[in-house]
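Listed here are the chains, written in short residue letters.
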Amino acid sequence: MASTATKNYTFTWVGTNREGVAMKGETLGASQALVKAQLRQQGINPSRIRKKTTLFGLGGGQRKKKIKAGDISVFARQLATMMEAGVPLVQALDIIAKGSDNPSLTRLVTDIRDHIESGSTLAASLAEHPKYFDDLFVSLVAAGEASGALETLLDKVATYKEKTESIKGKVRKALVYPTSVIIVAFIVMLILLYFVVPQFEALFHGFNATLPAFTRLVIHLSDVVQNWWWIIFIGIVLSGFLFVRFYKRSYRFHRLVDRLLLKLPVIGNILDKSVVARFARTLSTMFAAGVPLVEALDSVAGAAGNLVYEEGIRQMRSQVATGQRLQLALSNTGLFPSMTQQMIAIGEESGSLDTMCARVADIYEEEVDNQVDSLSSLLEPFIMAVIGVLVGGLIIAMYLPIFQLGSVV
């Protein structure tokens, strides 16, 4: 059966190790015979091996679970910790694969382990999965393998991933809070227009008076929602789809959105500082690993997370490649704060650029953290105004005719 030669399945097994201690676990493999051979290579004598089945007997596979950036961060920290403790690389990967509760991550780590067992380096094995391990990650691991300090570089990679994921999480928190409140208010307004306003409209038919203009406008909106709700729904879904599609595929549109986000009140400042923090953290990590500055800036540009800054960093790279100082190239972009420029200049003069960049990253990460924590109080007046206009306006429009009922009678 040719399909079993290319498709891996999950097998459960029970056996004993070389000391006769009973063991059990799960292993990925193309067939029962290959899994048995793999276990024997690990010093395990299996007494029972069975293909793991799932609900509805879907061929023994497992439901796919997406590998998130946080999973890669945890993987980097686990690998760094075990390598520092003296655990061999292949064994460390095997432990991580067995300890993961995410089948997709287990398959990924197992594939990396298999590549290494076949004679490949860790960096080359990671490069086979660019979706999860970017050029920066691979470059640092390659530098560690070349210098014989893989444990140290893995620790730097893990720290870098943890810091960057933390700052990304804070930025997402800053964006999700106001957006979710506005979306909920908009949904409540649509519910009122579809279900509540028609009840008032039936009541108003018994009035012998002209309805206020505001009330007539709301009733007209209610009629539109009731008659064309499906068009409105399709329009919202289509708009969201087109926005995401253009954002991913159109460089100009992507850049325009990134520039507009940086100009937003409050949130734009958080995004700005988070990008500067990510720039400084990435440059510090790359430079400390011994990566040349020009090559490091290329990786830093890819990790910026904002096209406006990415263009600026690539401009810096071109200027540094021609012999210009980093601080001057930084100033020419017009994007980075003066404090960042001054600390970079001090780092260049003192020969401690990695240390100064790390301090810049610490400063701006702390500022982002503080601003996100105070975001709710800063946006509270704006959110209350939005809710008041959307929901309160509808309620006022419905009660205006009732207030005028006395003059009609």
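Residues numbered from 1 in each chain as written. Predicted model: local features only at pLDDT ≥ 70, side-chain atom pairs only at ≥ 80, totals over all residues. Heavy atoms only, no water.

Participant: A description of the sheet that holds strand S3 (residues 45-51) should follow, citing residues and the corresponding values.
Facilitator: Reading across the sheet, the three strands line up as S2-S1-S3 and stay open at both edges, with antiparallel pairing between neighbours. With one partner strand each, in any of the chains shown, strand S2 (22-29) and S3 form the two edges of the open sheet. When strand polarity is set aside, the average angle formed by the axes of neighbouring strands in this sheet is 25°. Summarising the sheet, strand S1 (residues 9-16) and S3 pair through six bridges and their orientation is antiparallel. When the sheet's bridge partners are listed, Phe-11 is paired in S3 with Lys-51. (Pairing = 2+ DSSP bridges. Helix = DSSP H or I, 4+ residues; strand = E, 2+ residues; numbered from the N terminus. Axes fitted to C-alpha atoms, helices over the stretch in contact; angles between N-to-C directions.)

Participant: Give me the lowdown on the layout of surface pockets, citing residues and values where you can.
Facilitator: Estimated volume of the largest pocket: approximately 840 Å³. As for the largest pocket, its lining consists of 21 residues, and the residues nearest its centre are Leu-175, Tyr-247, Val-257, Leu-261 and Leu-271. A per-element tally of the lining of the largest pocket places helix H8 (residues 150-204) first, with seven residues. Residue classes in the lining of the largest pocket are distributed as 13 nonpolar, four polar and four charged. (1 Å grid on protein atoms, 1.4 Å probe; cavity = no way out; pocket = protein on both sides within 12 Å on 5 of 7 lines; lining within 4 Å. Points joined across faces, edges and corners; volume = space filled by probe spheres on them. Nonpolar A, V, L, I, M, F, W, Y, C, P; charged D, E, K, R; others polar.)

Participant: Requested: an account of the packing of aromatic side chains, with residues and values cited.
Facilitator: Note on aromatic pairs: each is described by the distance of the centres and the angle between the planes. Taken as a whole, this structure holds ten aromatic pairs when the rule is applied. For the ring pair Phe-133 and Phe-137, a centre distance of 5.1 Å and an interplane angle of 70° mean the geometry is edge-to-face. Judged on exposure class, the residue Phe-133 and its partner Phe-137 are both buried. Linked through ring pairs, Phe-243, Phe-246, Tyr-247 and Phe-253 together constitute an aromatic cluster. (Phe/Tyr/Trp six-rings, centres within 6.5 Å; stacked < 30°, edge-to-face > 60°. Buried < 20%, exposed > 50% of the residue type's maximum accessible area, 1.4 Å probe, protein only.)

Participant: How would you explain the packing of helix H11 (residues 267-288) against helix H13 (residues 307-321) if you had to name every residue and give the values?
Facilitator: Any two packed helices are characterised by how steeply their axes cross, that is the angle between the axes, and by the distance between the axes. Two elements in contact, H11 and H13, have axes whose closest approach is 12 Å; the angle formed by their N-to-C orientations is 35°. Note that H11 runs across H13; the crossing there is right-handed. On H13, the residues that touch Asp-272, Val-275, Val-276 and Phe-279 of H11 are Tyr-309, Ile-313 and Met-316. When grouped by side-chain class, the residues that make up the contact of H11 with H13 number six nonpolar, no polar and one charged. (Left-handed = near helix turned anticlockwise from the far one by under 90°. Contact = heavy atoms within 4.5 Å.)

Participant: Lay out the pairing of S1 with the relevant residues and their values.
Facilitator: Strand direction decides the pairing type here: S1 and S2, joined by eight bridges, are antiparallel. Bridge pairing in S2 places Thr-16 opposite Ala-22.

Participant: Explain the pattern of salt bridges to me, and be specific about the residues and the numbers.
Facilitator: Proximity of charged atoms lets side chains of opposite charge pair with each other. Within the structure shown, the criterion is met by 15 salt bridges. Two residues, Arg-113 and Asp-94, come together in a salt bridge whose shortest N-O distance is 2.5 Å. With Arg-113 in helix H5 (residues 103-117) and Asp-94 in helix H4 (residues 89-99), this pair connects stretches of sequence that are 19 residues apart. One exposure class covers both Arg-113 and Asp-94, and it is buried. We note a salt bridge from Glu-349 to Arg-325, for which the minimum N-O separation is 3.2 Å. (Salt bridge = Lys/Arg side-chain N within 4 Å of Asp/Glu carboxyl O.)

Note that all results are geometric; they support no functional claim without further evidence.
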